[in-house]
Amino acid sequence: MGQNEWLNGYLEAILDAGKARDKADNKTLKNSIRKKLDGDGDDDDIVDGKLKFQTMEIVSKDKQSVKIFSPTKYFVEEVVNGFDEADLHRTWIKVIATRNYRLRNNRLENMCWRIWHLARKKKQIALDAAQKLVKWKIEREQGRSIAAEDLSELSEGEKEIKGDSTYQTDSSHTHTHISRINSDAQIWSDDNTSRQLYIVLISLHGLVRGENMELGRDSDTGGQVKYIVELARALANTEGVHRVDLLTRQITSPEVDSTYGEPIEMLSGGSGAYIIRIPCGPPHSYVPKESLWPYIPEFVDGALSHIVNMARALGDNNGGKPVWPYVIHGHYADAGEVAARLSSVLNVPTVITGHSLGRNKLEQLLKQGRLSRADINTTYKIMRRIEAEELGLDTAEMVVTSTRQEIDEQWGLYDGFDIQLERKLRIRRRRGVSCLGRYMPRMVVIPPGMDFSSVTAQESSDADGDLKSLIGTDRIHKSPMPPIWSEIMRFFSNPHKPMILALSRPDPKKNVTTLLKAFGECQPLRELANLTLILGNRDNIEDMSNSSSSVFTTVLKLIDKYDLYGSVAYPKHHKQPEVPEIYRLAAKTKGVFINPALVEPFGLTLIEAAAYGLPIVATKNGGPVDIIKALNNGLLVDPHDEKAISDALLKLVADKNLWNDCRKNGLKNIHKFSWPEHCRNYLFHVEQCRNNHPTTSHLRVMPIPEEPLSESLRGVEDISFKFSVDVDVVKANGEPDSASGQQKIVDILLAKANHIGKSMNHNYCPGRRQWLYVIAVDSYSSEGSPAEALPLIVKNIMQVAGSESSQIGFVLLTGLSLLETKEMLHRSNCQVKLEQFDALICSSGSEMFYPWKDLVADEDYESHIEYRWPGENVKSMLLRIAKIENKAENDDMQLSQSSSRCYSYIIKPGAQTQKIDDLRQRLRMRGMRCNLVYTHVASRLNVIPLFASRAQSLRYLSVSWNIDLSKVIVFVGERGDTDYEELLGGLHKTVILRDSVEYAASDTNMHTEEALKKDDDIVAQDSSKIALAEGFDVHCISKALGCFGIM
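On inspection of all chains with the given rule, the structure shows 12 aromatic pairs. Ring geometry for Tyr227 versus Trp675: centroids 5.7 Å apart, planes at 50°, classification tilted. Here Tyr227 is found in helix 7 (residues 223-236), whereas its partner Trp675 is found in helix 26 (residues 675-692), with 448 residues between them in sequence. Of the two residues examined, Tyr227 and Trp675, each falls in the buried class.

See the structure below:
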């Protein structure tokens, strides 16, 4: 083929060009090429689904960085993106065939081979992704069919409803009717002014402050920061809301301003709105969001402490009863996980907002074909992010989205949400019919609000205000022009033309280059209008990121290509407070605002432009569809169609009647996107969610009592009582007999100590405990029974406490059942008694017993974890989904033990079992929310409620017993059950006992490959809260505790 001749010659030409470089530079070039060809690199090298390599090579010259042209990199970009795999392969064959042994260019042959291999690898990645998607869709359809089959039979309640049109459901058995999205009835009633609500918002990453926000400083500090701060202000100003806390990470790094290290910041303009900064992770480092995952448990514990303290403080003015949050709202995946954890401790309704979603990003990156799934996960921690989003769906009552497209095309990719199943379940709830243990969160569209305080009444009513009167020498108003106006107009030869305005980051996805081509190709549009591109701030294009500098370089080339000098403005700098002035300038010139992004999740700039009276042209992909439908003030275009873009712009600029109609419609309907409207709509939906959610009345925060009497008597030989008691003991002469009275008191106290379970069953708690020792060592034999070493470990840990035992409480945290725990301690000769424990948390955190309450299960805890527990409905379902493919029946697993909150299945030795993550995925697809734990060396599977886990049970105790989590020591082995990693993170201290666990569930590879990859992001490797004991004898344990300054 002719193309092959061109390729062959081009290869030789660029290789000859490389010979002119010195040896050292050649080595650098080879390494760089190898890195690109081997698949290493940044996603900034991907533009519009194509490979993008730097064509400028940085070399050192006179101690300065100089960029020179790299022909090889240019070749790789042009050839891989521009030619078919077959052409590349033919070129390689021809290179070999047309050269003899002496003349063959090995470098040329090798390069052809490597590029051909890269193209094949790209196709293979796409094929693998397609196969994985097909498998996921098949599993989703199976889940739908099973759910449809289970839900198809009408219950008696449904039959009555269908048979009697006048039937009214009993309010005690049904949930409040949930209105449809965007209904006019969905507003917060004015009758709620007497309510005093406490709302918690969470936005973990980025630089968050109330004033002078540094938007665009980095990828973590963008529109989400502005949105969440303005939402906090607006909610605090809403009638019925008493306080709003915005929780974020405290950053004391010298890299950022000191205001980000202030623990509390009151937001101006919002009485009762506060930014609360929680210490989390490295205290003196600014950590990007991809690296924050190991510190999430730390943030959860710090946030929990703040919320509990605030609930008590607010309760002081409410009769002493704690005022729990009305709702906890997590923004983005990381904050969504925090909200889920807090909700499962406090039993408070959870709302999440994704902002951007991991599965959607993963799908886009895989389609581009530049990075493998493993490379994507390494760079973006994408699997950890997706699991956090799935967890958010598990616990959320409501998911707030900006557009319907976000529901259908983004959340629809998740295991935990199926729009068809959600509609079925919603109908059944309305009818008061059982959903058979299934649940799907409610998706609601509530567009972000906007602060219109900077929009003056004159702008809303006065359409024109001739620009000449404002900028001409005979201008009426003598006040100086805004500086940004001068900065923009200096680019134009005729600043009086209508101005087409585009405002975005210099990101390839924003599609600014297509807009510029459309403008350059349309001569009538060029004659009629100017174009202004506000693309962030820059000092030097070469100092920008690869993708941003590439966009700007292309912009400059296109301006030169179409000779657009005097018609296009691209100022280097602007400040955030100057953005309103930019909109005003465009409106004064009777201009148009355009957002030509390839995909726009929402489009807040479109609302801002409409507020200043600008008609809009926007991409038809994403949120602008809903915005223009609501405002009726502009046109939608295909972002890939240059002619459609230019035609739409020309239509609005040339037709003044249409321009005026769009302006008036936008100003008339803009109130739909105001913050007050947003907040009323938001609070209405939250109230509906609370009607479906259990209250937090069962979570009792005990006041700190006096030290229990039994503890006071331990180790006391000479009792000296310093309090008076009423004792009816006197001498014969009528005087009190102090000796006899004292003896009677001792007898009474000893009797109380002997009957501790009966005498203090309501008032007991750790009291003045200074520390809580939690024993969570998963030590089993190879058969799955408790190892002989486990009782000895317990005894040694208790022995370490020694004389301080009265100040230390002990908790056993295990996957064993209560019966197995009793047998384990009874068989041993370690003389450890159940009465020595303050609490026994059994069955992987689903059951809690207090020895001082005669080992009766804690009913409050049972009620606490009941939320979304499928109960009997999950029994048969689990056996169906756990069946291995191509196997007729599941005879490898059978139910062994069951309690009200735990189903325990025995797995036959040597049996093939599903991975824990596959089982959880299949349950999610069927609308069932549970925790699954392989324990007893993977010979037992515990199915427990969503809110139950060993890690969460500790947080529950810390709240109900008033114990600071930093005063909790958790003892674990080097490995354990499949929930082992969850015990390692948080504010508590962890002691890892070496050689205490010989066999563990983790040894049997019970997690999927993708889940194992995200395990590295669960615990910080450099944590100062983890100590390693060389063994589990008393000396080793004492030495490890010394790392925390305890012993």
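Here Thr821 lies in helix 31 (residues 818-827). Exposure remark for Thr821: the relative accessible area of 0% places this residue in the buried category. Every residue in contact with Thr821, bar those within four places of it in the chain, is listed here: Leu812, Thr814, Leu816 and Cys842.

Take the pattern of salt bridges next. If the charged atoms of two oppositely charged side chains come close together, the side chains can form a pair. For the structure shown, the criterion picks out 35 salt bridges. When the shortest N-O distance is used, the salt bridge between Arg209 and Asp257 registers 3.5 Å. Placement of the pair is Arg209 in the loop between strand 5 (197-202) and helix 7 and Asp257 in the loop between strand 6 (241-249) and strand 7 (264-266), with a sequence separation of 48 residues. Arg209 gets classed as buried once you look at its relative accessible area, which sits at 12%. A salt bridge links Glu1030 to Arg994; its shortest N-O distance comes to 2.9 Å. Of this pair, Glu1030 sits in the loop between strand 29 (1026-1029) and helix 37 (1034-1042) while Arg994 sits in the loop between strand 28 (989-993) and helix 36 (1009-1014), and the two are 36 residues apart along the sequence. Residue classification places Glu1030 among the partly exposed residues on the basis of a relative accessible area of 49%. The exposure class of Arg994 is partly exposed, given its relative accessible area of 28%. Several salt bridges converge on common partners, so that one network encompasses Glu387, Asp394, Arg924 and Arg929.

Scored by pLDDT, the chain comes out at a mean of 79, with 72% of its residues at no less than 70. Here residues 17-30 is modelled with pLDDT under 50, and outside its nearest four sequence neighbours on either side it reaches 12 contacts, counting other chains as well. pLDDT under 50 marks residues 32-67. Its contacts with residues more than four places away, or in other chains, come to 80 contacts.

This next bit is on the sheet that holds strand 14 (residues 530-534). Spatially, six strands are ordered 15-14-13-16-17-18 in an open sheet, and the strand pairing comes out parallel. The sheet terminates laterally at strand 15 (568-569) and strand 18 (634-637), the two strands that pair on one side only. As paired elements, strand 13 (residues 499-503) and strand 16 (residues 592-595) share two bridges and run parallel to each other. Residue pairing across strands places Leu501 opposite Phe593, the latter belonging to strand 16. Seen against the sheet, helix 18 (residues 512-521) touches strand 13, strand 14, strand 15 and strand 16 and runs at an angle of roughly 170° to strand 14. Strands strand 13, strand 16, strand 17 (616-619) and strand 18 of the sheet are contacted by helix 24 (residues 642-654), whose axis makes an angle of about 170° with strand 18.

Strand order in the open sheet formed by seven strands is 22-21-20-19-27-28-29, with mixed pairing between adjacent strands. Whereas interior strands pair on both sides, the edge strands pair on one side only; in this sheet they are strand 22 (847-849) and strand 29. Strand-to-strand twist of the sheet, defined as the mean angle between neighbouring strand axes without regard to direction, takes the value 20°. Pairing between strand 21 (residues 839-842) and strand 22: three bridges, direction antiparallel. Each residue of the ladder has a partner; that of Leu840, found in strand 22, is Phe849. Seen against the sheet, helix 30 (residues 789-801) touches strand 19 (771-775), strand 20 (808-813), strand 27 (968-972) and strand 28 and runs at an angle of roughly 165° to strand 20. Strands in contact with helix 35 (residues 950-960) are strand 19, strand 20, strand 21, strand 22 and strand 27; relative to strand 20, the strand with the most contacts, it is inclined by about 150°.

Parameters at a glance
- Residue indices begin from 1 for each chain and proceed along its sequence in written order.
- Per-residue local features are limited, in this predicted model, to residues with pLDDT of at least 70; the limit for side-chain atom pairs, both in listing and counting, is 80 or more; totals at the level of whole chains, interfaces and linings are taken over all residues.
- Excluded from the side-chain calculation are hydrogens and water; included are all heavy atoms of the structure.
- Stacked, edge-to-face and tilted labels apply to pairs of Phe, Tyr and Trp rings (six-membered ring for Trp) whose centres lie within 6.5 Å, assigned for plane angles under 30 degrees, over 60, and everything in between, in that order.
- For the purposes of this entry, the term helix denotes a DSSP run of H or I that reaches at least four residues, the term strand denotes a run of E that reaches at least two, and both are numbered from the N terminus.
- Accessibility here uses a 1.4 Å probe with only protein chains present; expressed as a share of the type maximum, an area under 20% marks a residue as buried, one over 50% as exposed, and anything in between as partly exposed.
- The contact definition used throughout considers only heavy atoms, calling two residues in contact when any of these lie within 4.5 Å.
- By definition, a salt bridge exists where a carboxyl oxygen of Asp or Glu is found within 4 Å of a side-chain nitrogen of Lys or Arg.
- Per-residue confidence from the predictor is reported as pLDDT, a score between 0 and 100.
- By definition, two strands form a pair when at least two bridges between them are found by DSSP.
- Axis definition: a line fitted to C-alpha atoms, limited for helices to the stretch in contact. Angles are taken between N-to-C directions and run from 0 to 180 degrees.

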